[in-house]
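The residues making up each chain are set out below.
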There are 2 protein chains.
Amino acid sequence: MTISKTNRLSLVEQVVSQIESLIESGEWKIGNQIPPEMDLIQQFDVSRNTLREAVRSLVYAGLLVTKQGKGTFVRSSSALGAAFERRIQQSSLLETLEVRHALEREGAQLAALRRNQEDIEQLRFHITACSKAAEAKDIKAYEEADIKLHKSIMGSSHNDLLIDLYEHMEHSLHESIHQIVEMSSDVNFHLNIHCKLVDAIIEQDVNRAIETVNEYIAQFKKSIE
Amino acid sequence: MTISKTNRLSLVEQVVSQIESLIESGEWKIGNQIPPEMDLIQQFDVSRNTLREAVRSLVYAGLLVTKQGKGTFVRSSSALGAAFERRIQQSSLLETLEVRHALEREGAQLAALRRNQEDIEQLRFHITACSKAAEAKDIKAYEEADIKLHKSIMGSSHNDLLIDLYEHMEHSLHESIHQIVEMSSDVNFHLNIHCKLVDAIIEQDVNRAIETVNEYIAQFKKSIE
DNA sequence: AATGAACCAATCATCCTACAAATTTGAGGT
DNA sequence: ACCTCAAATTTGTAGGATGATTGGTTCATT
């Protein structure tokens, strides 16, 4: 016995797979509207039910989003995001922060090792934006710039899986950054630590980069106790 | 403005949500068969299409699995698993290893801080199992014991989100552990490092725990270069 | 010309019936 | 006891009909 068990893919699974390919290959670009159901029914040569089950699966996974009366649009090219965000919502702030610590520490370490000239320019640009926003006391702008800086650091790690995971903690990031900026009346302290981190990454000082991440995560932790 | 945008949930989304609750609450246990479509149609008072779209979404997410002619069964209680595994499959071994590093470093740190008496017993049990398997030169048993040890360490962190993420790297874990055990003819070195890590966690020596993780991950990295 | 009401077209959402395919069950014959 | 095959159960696929939402068009009123 023990012949291949799940050898046959259902029609729905085949359609799902094809749509995934279309999205990943960039043929269906993020933000764009995909053809209406009727067209896809003909394109894939399946019934409406089959197509809808496939599309609905990808909507749940976060790759597509449907808007009644308007159409269906490509939302993301990775199914990891929606699941991760859903899971994060069920977690405490502390748990999420610790996972952030895990990802940011690794990200900072790798960034210090691998950052190239382009990364350095990006980092300098975003840290300058943070600085300006802090000077102008524009809290909202500071938060925005801070998030972009964090993403830019993560991007300098050149590890797509890590980047992907971090990307989808953005909502949680917003929350915690907002909280910390509100609580600590001293934005400059926050800014200083980030400067230190960017310096360490640019100078490829791995240990200092890691220690700096540890430092500001510890600060966060204290503030939510 | 900022009036509620997506205030209305579609029927399918409502059914999905209800099924998720049934699974998470344990009312539908993992491995068990769920009621047939016809029963669910009556239970949720929706059409077959609507119900099927909901079920199909959860199948894609990895929570359910359907078998034509037999029924639908609960596969997992977390949607993160399937998405994460799918994403990992597209990643290189190096990328995955670095994410493992991120999670294991954080896990070890938190374990050293939070391990309780029960954790200590678990850790001792699994490290002993590793030891015995190494003595008996039973590679397969060693790999099994090693994975259980790693999970046990992660469990000692008492961070459910971290545990959940790590849980679903198991397949990747298998691969890399197999590879490292095969390559390094010296299993004792591998075992020793793990003993050191467990010791550090039991003694609540945070820095040594982190350094030990760094040490064996660096070893892994060398081996796949 | 500006406004707004009524209408229309496109698109997704839901429901319905029917049949196909896979699996299990059980009746009936040997 | 064993085999055969039909029936029942369950998921898979097809196709049609109607409702709901959105966006745009037309057109009369001001």
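Bear in mind the structure is a predicted one, so any value in this text is a computation, not a measurement.

Chemist: Hey, could you run me through the protein's contact with DNA strand C in this one?
Modeler: Around DNA strand C there are 23 residues in total, and A:E37, B:L11, B:S47, B:N49 and B:T50 lie nearest to it. Sugar plus phosphate: this is where 71% of the atoms of DNA strand C within 4 Å of the protein reside. The contact in question runs from a base oxygen of DNA strand C to an N or O atom on the backbone of A:G69, over 3.5 Å. Here a base nitrogen of DNA strand C sits 2.6 Å away from a polar atom, N or O, in the side chain of B:N49. Of all the elements, helix 3 (residues 48-61) of chain B adds the most residues to the surface near DNA strand C, at three residues. The residue inventory of the surface near DNA strand C, partitioned by class, reads four nonpolar, 11 polar and eight charged.

Chemist: Sorry, what's going on with the nonpolar core here?
Modeler: If you look at soluble globular proteins, the nonpolar side chains tend to sit buried side by side. Of all hydrophobic cores here, the largest spans 32 residues; its most connected members are A:F84, A:V99, A:L103 and B:L103. Residues contacting B:L103, with those up to four places away along its chain left out, are A:A102, B:M154, B:L162, B:L165, B:Y166 and B:M169.

Chemist: Even after reading the chapter, I still don't get the relation of the copies chain B and chain A, so can you show me in this structure?
Modeler: Note that the two copies of the chain are related through a rotation about an axis and a translation along the same axis. Rotating chain B by 180° and translating it 0.2 Å along the rotation axis places it on chain A, where the RMSD comes to 0.6 Å. Such a turn and shift between the copies fits a two-fold axis. Nearest to the rotation axis, the C-alpha of B:S57 is located 2.0 Å from it, this being the minimum over chain B. A high fraction, 100%, of the interface residues of chain B reappear at the interface in chain A, so the copies pair face to face through one surface.

Chemist: How should unusual backbone geometry be read in this particular structure?
Modeler: Trans peptide bonds make up most of the peptide bonds, and negative phi angles are found at most residues other than glycine. Residue A:K137 is not a glycine yet carries a positive backbone phi of 60°. With respect to the helices, strands and loops of the structure, A:K137 is situated in the loop between helix 6 (117-135) and helix 7 (139-155). Judged by relative accessible area, A:K137 falls into the exposed class, the value being 70%. For B:H158, which is not glycine, the phi torsion reads 55° and is therefore positive. Along the chain, B:H158 turns up in the loop between helix 7 (139-155) and helix 8 (160-167). Overall, the relative accessible area of 39% leaves B:H158 in the partly exposed class.

Chemist: I keep staring at the environment of A:E37 and nothing clicks. Help me out?
Modeler: Residue and element names in this part refer to chain A. Positionally, E37 belongs in helix 2 (residues 37-44). It is 7.4 Å that separates the C-alpha atoms of E37 and R48, two residues lying 11 residues apart in sequence. Side chain to side chain, E37 and R52 meet in a polar contact 2.5 Å long.

Chemist: Whenever I open this one, the protein's contact with DNA strand D confuses me. Can you help?
Modeler: With respect to spatial proximity, 25 residues lie near DNA strand D, and among them A:L11, A:G69, B:E37, B:R48 and B:T66 are the closest. The sugar and phosphate moieties of DNA strand D supply 62% of its atoms located within 4 Å of the protein. Here a phosphate oxygen of DNA strand D and a backbone polar atom of A:S47 are 2.9 Å apart. A distance of 2.8 Å separates a phosphate oxygen of DNA strand D from a polar backbone atom of B:E37. For the surface near DNA strand D, the secondary structure elements donating two or more residues are helix 1 (11-24) and helix 3 (48-61) of chain A together with helix 3, strand 2 (64-67) and strand 3 (71-74) of chain B.

Chemist: Can you help me understand the environment of A:I202 in this one?
Modeler: All names here are of chain A. For I202, the location among the structural elements is in helix 10 (residues 187-202). Judged by relative accessible area, which is 13%, I202 ranks as buried. Note: C-alpha distance between I202 and K70 (132 residues apart in sequence) is 47 Å. If near-sequence neighbours (up to four positions away) are discounted, I202 is found in contact with R115, I120 and R124.

Reading the values: the criteria
Residues numbered from 1 in each chain as written. Chains lettered and ligands numbered in written order. Predicted model: local features only at pLDDT ≥ 70, side-chain atom pairs only at ≥ 80, totals over all residues. Heavy atoms only, no water. Near = heavy atom within 4 Å. Polar contact = N/O pair within 3.5 Å; in protein donor to acceptor, adjacent residues only side chain to side chain. Helix = DSSP H or I, 4+ residues; strand = E, 2+ residues; numbered from the N terminus. Nonpolar A, V, L, I, M, F, W, Y, C, P; charged D, E, K, R; others polar. Core = buried A, V, L, I, M, F, W, Y, C linked by side-chain atoms within 4.5 Å. Buried < 20%, exposed > 50% of the residue type's maximum accessible area, 1.4 Å probe, protein only. Contact = heavy atoms within 4.5 Å. Least-squares fit on C-alpha atoms with pLDDT ≥ 70 in both.

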